[in-house]
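Analysis of the macromolecular model
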Amino acid sequence: MVEQVLLVSLFTFIIHLSETLTYSLRLAGVRLGKLAVAMSLSGIILLISRTANMVQALLTGKILDYAKHNQDYHLIDQFRIIIGAAALGTFTALLLFPSAVLLSSRVISHLEVAGSIPQMIRSSVSFQKINNARYHLRFPKLSMLSRLRIGGIPKRLVVLNCLVTAIYTIGVLAALLASTLTTEYSTAASQSSGLINGMATILLTILIDPQIGLITDKVLRGERKAATLNKVFGLLMVSRLVGTVLAQVLLEPAAYWIKWMVSVL
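Report follows, based on the coordinates. (Residues numbered from 1 in each chain as written. Predicted model: local features only at pLDDT ≥ 70, side-chain atom pairs only at ≥ 80, totals over all residues. Heavy atoms only, no water.)

The next thing to look at is the overall build of the protein chain. Across its full length, the protein chain holds ten helices and zero strands. Along its sequence from the N terminus, the protein chain presents helices and strands in the succession α-α-α-α-α-α-α-α-α-α. Look at the contacts in the protein chain between residues 6 or more apart in sequence, and 83% of them connect residues 24 or more apart. Accessible surface, the protein chain as shown: approximately 14100 Å² in total, 66% of it carbon and sulfur. (Helix = DSSP H or I, 4+ residues; strand = E, 2+ residues; numbered from the N terminus. Contact = heavy atoms within 4.5 Å. Areas by Shrake-Rupley, 256 points an atom, 1.4 Å probe, with all protein chains shown as cover.)

Moving on to a nonpolar patch on the surface. Together, Leu-7, Leu-10, Ile-14, Ile-44 and Ile-48 line one region of the surface with nonpolar side chains, adding up to about 380 Å² of accessible area. Residue assignment for the nonpolar patch shows that the elements contributing at least two residues are helix 1 (2-32) and helix 2 (35-69). Per-element accounting of the nonpolar patch gives the leading share, three residues, to helix 1. Ile-48 gets classed as partly exposed once you look at its relative accessible area, which sits at 49%. (Patch = residues over 30% accessible without salt bridge, like charges linked within 9 Å, V, L, I, M, F, W, Y side chains within 5 Å. Salt bridge = Lys/Arg side-chain N within 4 Å of Asp/Glu carboxyl O. Buried < 20%, exposed > 50% of the residue type's maximum accessible area, 1.4 Å probe, protein only.)

Within the secondary structure, Ser-109 is located in helix 3 (residues 75-114). For the pair Ser-109 and Val-37, spaced 72 residues apart in sequence, the C-alpha to C-alpha distance is 9.4 Å.

Counting 61 residues, the largest nonpolar core has Leu-75, Phe-79, Phe-233, Leu-251 and Ile-258 as the members making the most contacts within it. Broken down by secondary-structure element, the contributors of at least two residues to this core are helix 1, helix 2, helix 3, helix 7 (155-179), helix 9 (193-220) and helix 10 (226-264). Looking at which element gives the most residues to this core, the answer is helix 7, with 13 residues. Setting aside its immediate chain neighbours within four residues, Phe-79 contacts Thr-60, Leu-173, Leu-176, Leu-177 and Leu-251. (Core = buried A, V, L, I, M, F, W, Y, C linked by side-chain atoms within 4.5 Å.)

Shown next, in the form of structure tokens:
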């Protein structure tokens, strides 16, 4: 079962790494004035993330089945390892972000020339070009941290992004954990991740995405400096990292909340 936990952790790592790196595509799109193209590529990355999420949920369910037949198995400890993989994926994305922005600019330019994703892959993906990608590698510098002061950026945006990330990180795990806390409503609890993820989706759609869109439009119109967007995405990534740490704290309370909710609904 150790291999199963490591496999789930790998998928969790990929999910949070890819979702965090979508910010690099958005930033590259703004810099090139090709935001629509960047958003379409972001959709492809999110598709990869969602696919990995489906496989992750299946494998996590198998861990739960094993725990039900082995009472001495510490399920919550395994879930904390999985959440740790989410934090590691987000942190890795932070380290790769400067390089990802440069590489995203290249991908957007290649897509514009090729005209389609399949054609871009055929014309642009080769061993030589993959090898040349190393010349676009940039490592974050400590001086970048000094530019992430929250001044000029809505504090609510940063706090909400942290909370939404924490909720998404534990949505499925809290539901599965809740199913072990009750025998009468165990099936309902295992299917109730939407109770948590639904709240996160509402916050993201109503309060976070519109704010990011407004700031992006102001940068494109020249009403705000391009450095503002660098700071926004930097703070969003840091808040995502903090959110994955907060998820460790919220895991058990969320499981008990789900247990209570399925008993009263």
